[in-house]
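Descriptive structure summary
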Protein chains: 4
Amino acid sequence: MDKKPRADSLRNREHILNIAREAFTTSGASVSLDDIAKKANVGPGTLYRHFPNREALLEAVYRSEVAKLCAAEKEFAATMSTVEALRAWMLLFIDYIDAKLVISPALNLYLCGESNELFESTGNQIKAAIRGLVERAVNSGDIREDVDPLDLLRAIFGVATTASSADWHQGARKLVDILILGSKPQE
Amino acid sequence: MDKKPRADSLRNREHILNIAREAFTTSGASVSLDDIAKKANVGPGTLYRHFPNREALLEAVYRSEVAKLCAAEKEFAATMSTVEALRAWMLLFIDYIDAKLVISPALNLYLCGESNELFESTGNQIKAAIRGLVERAVNSGDIREDVDPLDLLRAIFGVATTASSADWHQGARKLVDILILGSKPQE
Amino acid sequence: MDKKPRADSLRNREHILNIAREAFTTSGASVSLDDIAKKANVGPGTLYRHFPNREALLEAVYRSEVAKLCAAEKEFAATMSTVEALRAWMLLFIDYIDAKLVISPALNLYLCGESNELFESTGNQIKAAIRGLVERAVNSGDIREDVDPLDLLRAIFGVATTASSADWHQGARKLVDILILGSKPQE
Amino acid sequence: MDKKPRADSLRNREHILNIAREAFTTSGASVSLDDIAKKANVGPGTLYRHFPNREALLEAVYRSEVAKLCAAEKEFAATMSTVEALRAWMLLFIDYIDAKLVISPALNLYLCGESNELFESTGNQIKAAIRGLVERAVNSGDIREDVDPLDLLRAIFGVATTASSADWHQGARKLVDILILGSKPQE
DNA sequence: CATGAATGAGCCTTCATTCAT
DNA sequence: GATGAATGAAGGCTCATTCAT
């Protein structure tokens, strides 16, 4: 087991977050927090110190997913071709939806009507990211000018929600390629 | 107290179903079943007699929602103008999604990978319904020929899932009018 | 199923008693009364009419077992050889213990210290029966004179309680033959 | 309130075991586990942490009874005269039967036919203990040579099971003295 | 800081009992 | 009389949370 000799509590927090993401997406937003602690090889008290309740943990997981997405944009844009970057990012976006579909309704129960700053701001971050990637590809002439960046995401969303089975990922991944391909300028 | 004579335990069942739908959509798929029983003015044993567990209740609510949708198609088609019928049905469809968004992920945890007959068959019923309504409107010349019926539903789905707040209904209702309007043949 | 056209409630009672005996001995004294009713193809209300509570049912089962034993003595003595009668009755006694082992501790919880008429009187009936059978066999010279009838029963009891497994019946049945054989006068 | 510091949760466990023994023997094997927890001044969760279900608790109580018996043999043999040790141990054995009579049938429902290691092994331990004590007394010339150690136990068993009332202890205790007395070599 | 034992409210479920048919 | 739907008080068990170590 990867027991840290000194208390690198930040890394600990990150670890819990990863385990929690996994647990939420595979078992729903009401998994036992004790189980999450157990899977993370951490006492319930430790989990509680980092995240005082389920809501806090859900929100933290969600924010970390969005952060992952934003970081990826920067990195991909810097190291890949425009189309590859777009494609890689959209594949990541599939994972994000996985979490979003579970976390979002759960958090809405807590927020319960209050205009939520969380989804507002993270939504903007994501839009900015996809816009950046698309714009870059349009500018370099790699994809058509008339592509609405958000439509790319909505399409993935659509598959995720309309799919009859819980395993919509395969379909979504195929769709990414189709969207990229269909977005190429006709010659 | 609205004490029912025992003969119509069917009406009792229906009543529980309504309360359950309400509870699930407003408080998530893990509301206390005891609370549902309480809200339905029914002992927990009675709820249990009708639905032996959460899964059964979820499925029953879901099926009843789909049945409502199918019945509505018949009724609306028989009593309204083509466009009005389409519009009324789509408004009902918003309610359906409300339930679907909560029930579907929850049931997937139970079904857990098994190719589920439930969503397969209900999906087909719903597709048939919208197709029927659109076809009728196309035939009577009230809407354009090139409307893909499923796109109408996908659009609603999109709003439901992409909306930042839990209260996407308003937006969805507006969208229905836009879709209907946009589907009218240009002259 | 043997549904009676007219309400022969006595036979109904007898039927419940049989089912109850079976249920108690195989599943312990705290089986669900509902289950017993179900297995007897009877509504819970009917069971309740005949036996107002678990205690009443337990006692009725117990009394019927003892009655069975007493009736058997009469019958066997009238129709079999002395040794055969003794043997057959002791085999029946094994079944009786089966019930007694379960019912007796359960009833003691209800009686809770009160000097119980039930076990006193039934005990006497059983002693009288075994004494009658043994006496008859002694008189006819088929078994030794110095056999204490109660020792025959105590031996069976001993096996029933000391046996490590729940399935002591086999051992007990073997013991019956040994006892009968060992009781034969040596020549 | 006798609040224990958390380190000796072992003592806590022991305490629950004692309460459980008491509850099982006086109220049968289906007492409410919640009630046991309450009587032990412990939350139900704590009881559950130590014993995940009724079967585990029953088995633990049973094993602790046997352990008590084995420990007593050692202790008594070391500190008492041979006859006193035998007598004291047999009085303890009466308590053991009290538990055995309740626990054994209950566990058999769980084990349900499987050849149970539990009763096999504990049976051997008990036999070894009584044999040791009797042998010692025989060797020192304090009791007759022809005493079958197991018969001493079987006699107690017999009283326990054949007694009409639930309060057979008195009779059993008298019997112990008679047995010891009767086992003394005639001079 | 981390740990994990303890807590106790509350969930799901069962089941003896009642009562309308 | 028989039926079985309804009731609701527990029971078993879970799990978020606290707190002693």
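Residues numbered from 1 in each chain as written. Chains lettered and ligands numbered in written order. Predicted model: local features only at pLDDT ≥ 70, side-chain atom pairs only at ≥ 80, totals over all residues. Heavy atoms only, no water.

1. Concerning the packing of aromatic side chains
Aromatic ring pairs: the centre-centre distance and the angle between the two ring planes describe each pair. Residue and element names in this part refer to chain C. By the definition in use, this model includes 20 aromatic pairs over all chains. The interplanar angle of 35° and the centroid separation of 5.4 Å between the aromatic rings of Phe93 and Tyr96 together place this pair among those described as tilted. Of the two residues, Phe93 and Tyr96 both sit in helix 5 (residues 82-111), 3 residues apart, roughly one turn of that helix. The residues Phe93 and Tyr96 share a single accessibility class, namely buried. (Phe/Tyr/Trp six-rings, centres within 6.5 Å; stacked < 30°, edge-to-face > 60°. Helix = DSSP H or I, 4+ residues; strand = E, 2+ residues; numbered from the N terminus. Buried < 20%, exposed > 50% of the residue type's maximum accessible area, 1.4 Å probe, protein only.)

2. Digging into the relation of the copies chain D and chain C
Superposition record for chain D on chain C: RMSD 0.1 Å, screw rotation 180°, translation along axis 0.1 Å. These values place the two chain copies in the arrangement generated by a two-fold rotation axis. Taking the C-alpha atom as reference, chain D places D:Gly158 closest to the rotation axis, 3.0 Å from it. Residue by residue, 94% of the interface of chain D is reproduced at the interface of chain C, so both copies engage with the same surface. (Least-squares fit on C-alpha atoms with pLDDT ≥ 70 in both. Contact = heavy atoms within 4.5 Å.)

3. Describing helix 7 (residues 149-162) of chain C
Relative to the 20 Å expected for 14 residues at 1.5 Å per residue, helix 7 of chain C spans 21 Å between its end C-alpha atoms, a close match to the ideal helical length. Of all the residues in helix 7 of chain C, the buried ones are C:Pro149, C:Leu150, C:Leu152, C:Leu153, C:Ile156, C:Phe157, C:Ala160 and C:Thr161. The arc that holds every buried residue of helix 7 of chain C, seen down its axis, measures 165°, which confines them to one face. Among the structural elements, helix 5, helix 6 (117-139) and helix 8 (169-182) of chain C together with helix 5 (82-111) and helix 7 (149-162) of chain D are those in contact with the buried residues of helix 7 of chain C. (Expected span 1.5 Å × (residues − 1). Arc of directions from axis to C-beta.)

4. Considerations on the arrangement of the chains
A minimum C-alpha distance of 32 Å separates chain A and chain C, which share no contact. Here chain B and chain D are not in contact; the least distance found between their C-alpha atoms is 20 Å.

5. Brief notes about the packing of helix 7 (residues 149-162) of chain A against helix 7 (residues 149-162) of chain B
Direction vectors running N to C along helix 7 of chain A and helix 7 of chain B enclose 95°, while the axes themselves pass 9 Å from each other. In terms of orientation, helix 7 of chain A lies roughly perpendicular with respect to helix 7 of chain B. Here helix 7 of chain A contributes A:Phe157, A:Thr161 and A:Thr162 to the contact with helix 7 of chain B, which in turn contributes B:Phe157, B:Thr161 and B:Thr162. For the contact of helix 7 of chain A with helix 7 of chain B, the class distribution of residues is 2 nonpolar, 4 polar and no charged. (Axes fitted to C-alpha atoms, helices over the stretch in contact; angles between N-to-C directions. Parallel < 35°, antiparallel > 145°, perpendicular 65-115°, else oblique. Nonpolar A, V, L, I, M, F, W, Y, C, P; charged D, E, K, R; others polar.)

6. Focus: the relation of the copies chain B and chain A
Structural alignment of chain B on chain A gives an RMSD of 0.1 Å, achieved by rotating through 179° and translating 0.1 Å along the axis. A share of 100% of interface residues in chain B that are also interface residues in chain A marks the association as one of identical surfaces.

7. Description of unusual backbone geometry
Positive phi is not limited to glycine here, since C:Asn41 has a value of about 55°. Note that C:Asn41 resides in the loop between helix 2 (33-39) and helix 3 (44-50).

8. Quick notes on the domain arrangement of chain A
Residues and elements named next belong to chain A. Here the domain parsing of chain A yields domain 1 (1-52) and domain 2 (63-182). Contact residues are listed per partner, giving 6 residues for domain 1 and 9 residues for domain 2. Buried area between domain 1 and domain 2, both sides added, is near 520 Å², and the carbon and sulfur share of it is 67%. For the domain 1 face of the interface with domain 2, the top three residues by lost area are Arg21, Thr25 and Ala29, together amounting to 72%. Where domain 1 packs against domain 2, one counts 1 salt bridge. Residue Arg21 pairs with Glu65 through a salt bridge whose shortest N-O separation is 3.0 Å. (Domains from an automatic or database assignment. Buried area = accessible area lost by both parts, 1.4 Å probe. Salt bridge = Lys/Arg side-chain N within 4 Å of Asp/Glu carboxyl O.)

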